[in-house]
Amino acid sequence: MAAQKMIKKSLKVLAMLSVSSMAFGGNVLTAGDIVVTDDDVKYFIEQGIPADKRKEALADKDIYRQIAENLFLTKKLASLANNDKSIDVKRIRWVGEYQTDNELKESVLAKVVEASLEGVNFDSMAKDIYEKEKSSFMSEEKNRVSHILVSNKLKSEEEALELAKSLKVRADKGEDFGKLAKEFSDDPSAKFNSGDVGFFGAGKMVPEFEAAAKKMDKPGQISDLVKTQFGYHIIKFTARLDPIQKPFEEVKPLIIPELKQRLAAKFQQDFIQSVLSGSKLEFDEKSLKSLQSSFDSQ
C-alpha cells in the first residue's frame, strides 16, 4: 500500500513538472531544416546568464538576435557531425541525453521530497528528539584560569625553567598572581588581563594546558609547571562552569535542519525503493556477462 501511494504521488509530481515546463512554441529563426525556437533562446538565457546580471546583459535588444544566431550555428555544426565518421556522435548524444535524464530525475526527487515534507510537524518531532536525547543537549564544561607563561623561545631552556620555578615558588607563597603575570609573563595579553584567559571549553587550549586546568578544582589553586610548545606555564584556577541542560527553544534551530535532512533522505530512498519494487526489472544475463567480459579483457 505504501509503495502504491508513493507511486501515485510521483505521478502527480510528474504532472506538475509537465505543466510547469510547457514550451512557448514560437520559432525565432529558421534556416532550411534548422529551427531555433523561442524556448531555445529562453533556456539559453536562463542557463547561461545569472539572474542578477540578466537585466544588464539583455539591455541591448540585438542580444536576442545574437543568441539565436549562435544557437543556429551550434545546431548547424552539430548536424554536420552526423556525416563525419571520425566523430562518435552516438556516444556524445548519449552523454547529453543521460545528463538531461539525470537532471529530470533530480527534479522529480526534489518535488517528491518537498511534497512529503509538507505535512511534517517538525516542532513536535524536534521536541520528541529533545526529550529522548536530553543528554546530547547540555552546555559544555568550561574552566576559567589565569596563567604566567615563561617562553623557552625567548630564553634558553635552562633560563626559562629556572625563572618558571622561581615564579611558581612566589605564587605558592601567595604573591599577587596578576602582578606576577603582568611583570614576568611572555604572553603579550598578560599586560592587559593580568594573565586571566577567561572561560574556555574543550579544544580551545593546547592539550597539556587544558588537561592541567581540568585536574584543578579549588579556586586559587596553583598548578605544577606545565610545559607546552610555548614554554612553561604556571596556572591559577579561578572557577568552573559545569554542564547544564539547554532549553528546547535554544536547541530547536539546531535540531530541525538536521531532522529535515534526515527525513528528506528517507523519503527519497523510500520513493526510489517504491519505484524499483513497482517495476518489473528483467535483466538479460547473457548481455551482462558479455559486458563484463569486454571490460575484463581491457
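So, here is what we can say about the structure in this document. It should be emphasised that the depicted structure is a prediction, and the values quoted were computed from it without experimental measurement.

## Notes on the pattern of salt bridges
Argument step 1. Summed over all chains, the structure comprises 19 salt bridges.
Argument step 2. One salt bridge connects Asp172 with Lys168, and the closest N-O pair in it is separated by 3.1 Å. Placement of the pair is Asp172 and Lys168 together in helix α7 (residues 157-172), with a separation of four residues, close to one helical turn.
Argument step 3. Across the pair Glu282 and Lys280 runs a salt bridge, and its minimum N-O distance is 3.5 Å.
Argument step 4. Residue Glu282 is classed as exposed on the basis of its relative accessible area, which comes to 63%.
Argument step 5. Connected via shared salt-bridge partners are Asp123, Glu249 and Lys252.

## Remarks on the sheet that holds strand β5 (residues 226-228)
Argument step 1. Read from one edge to the other, the open sheet built from four strands follows the order β4-β3-β6-β5, with strand pairing classed as antiparallel. Strands at the two margins of the open sheet, each flanked by one partner only, are β4 (196-200) and β5. Averaged over all pairs of adjacent strands, the angle between strand axes in this sheet comes to 40 degrees, irrespective of strand direction.
Argument step 2. Where strand β3 (residues 142-151) lies against strand β6 (residues 231-241), ten bridges are found, and the strand directions are antiparallel. Residue pairing in the sheet places Ile148 in a bridge with Ile234 of β6.

## So, the environment of Asn152
Argument step 1. Note on placement: Asn152 falls in the loop between β3 and α7.
Argument step 2. Among the residues examined, Asn152 registers a relative accessible area of 15% and is labelled buried.
Argument step 3. Put simply, Asn152 and Val206 are 54 residues apart on the chain and 16 Å apart in space, counted from C-alpha to C-alpha.
Argument step 4. Contacts of Asn152, omitting those with residues within four sequence positions, involve Glu157, Ala160, Lys227, Gln229, Phe230 and Gly231.
Argument step 5. One polar contact links Asn152 to Lys153, side chain to side chain, over a distance of 3.2 Å.
Argument step 6. Polar side-chain contacts of Asn152 include one of 3.2 Å to the side chain of Glu157.

## Focus on the side chain of Ser185
Argument step 1. Tracing the sequence through the fold places Ser185 in the loop between α8 (177-184) and α9 (190-193).
Argument step 2. Here Leu149 takes part through its backbone nitrogen, which lies 3.1 Å from a polar atom of the side chain of Ser185.
Argument step 3. Not counting chain neighbours up to four residues away, the residues in contact with Ser185 comprise His147, Ile148, Leu149, Leu180, Ala190 and Lys191.

## Focus on the pairing of β6
Argument step 1. Across three bridges, β5 lies against β6 in antiparallel orientation. Bridging across to β6, Val226 finds its partner in His233.
Argument step 2. Once β5 ends, the chain turns through two residues before running back antiparallel as β6.

## Regarding α7
Because the α-helix completes a turn every 3.6 residues, residues three or four places apart line up on one side.
Argument step 1. The first and last C-alpha atoms of α7 sit 22 Å apart over 16 residues, in line with the 22 Å expected at 1.5 Å per residue.
Argument step 2. Restricting attention to buried positions, one finds in α7 the residues Ala160, Ala164, Leu167, Lys168 and Ala171. The arc that holds every buried residue of α7, seen down its axis, measures 105 degrees, which confines them to one face. Counted as exposed and oriented over 90 degrees from the buried face of α7: Glu158 and Glu162.

Here is what the cut-offs are and how they apply
- Residues numbered from 1 in each chain as written.
- Predicted model: local features only at pLDDT ≥ 70, side-chain atom pairs only at ≥ 80, totals over all residues.
- Heavy atoms only, no water.
- Salt bridge = Lys/Arg side-chain N within 4 Å of Asp/Glu carboxyl O.
- Helix = DSSP H or I, 4+ residues; strand = E, 2+ residues; numbered from the N terminus.
- Buried < 20%, exposed > 50% of the residue type's maximum accessible area, 1.4 Å probe, protein only.
- Pairing = 2+ DSSP bridges.
- Axes fitted to C-alpha atoms, helices over the stretch in contact; angles between N-to-C directions.
- Contact = heavy atoms within 4.5 Å.
- Polar contact = N/O pair within 3.5 Å; in protein donor to acceptor, adjacent residues only side chain to side chain.
- Expected span 1.5 Å × (residues − 1).
- Arc of directions from axis to C-beta.

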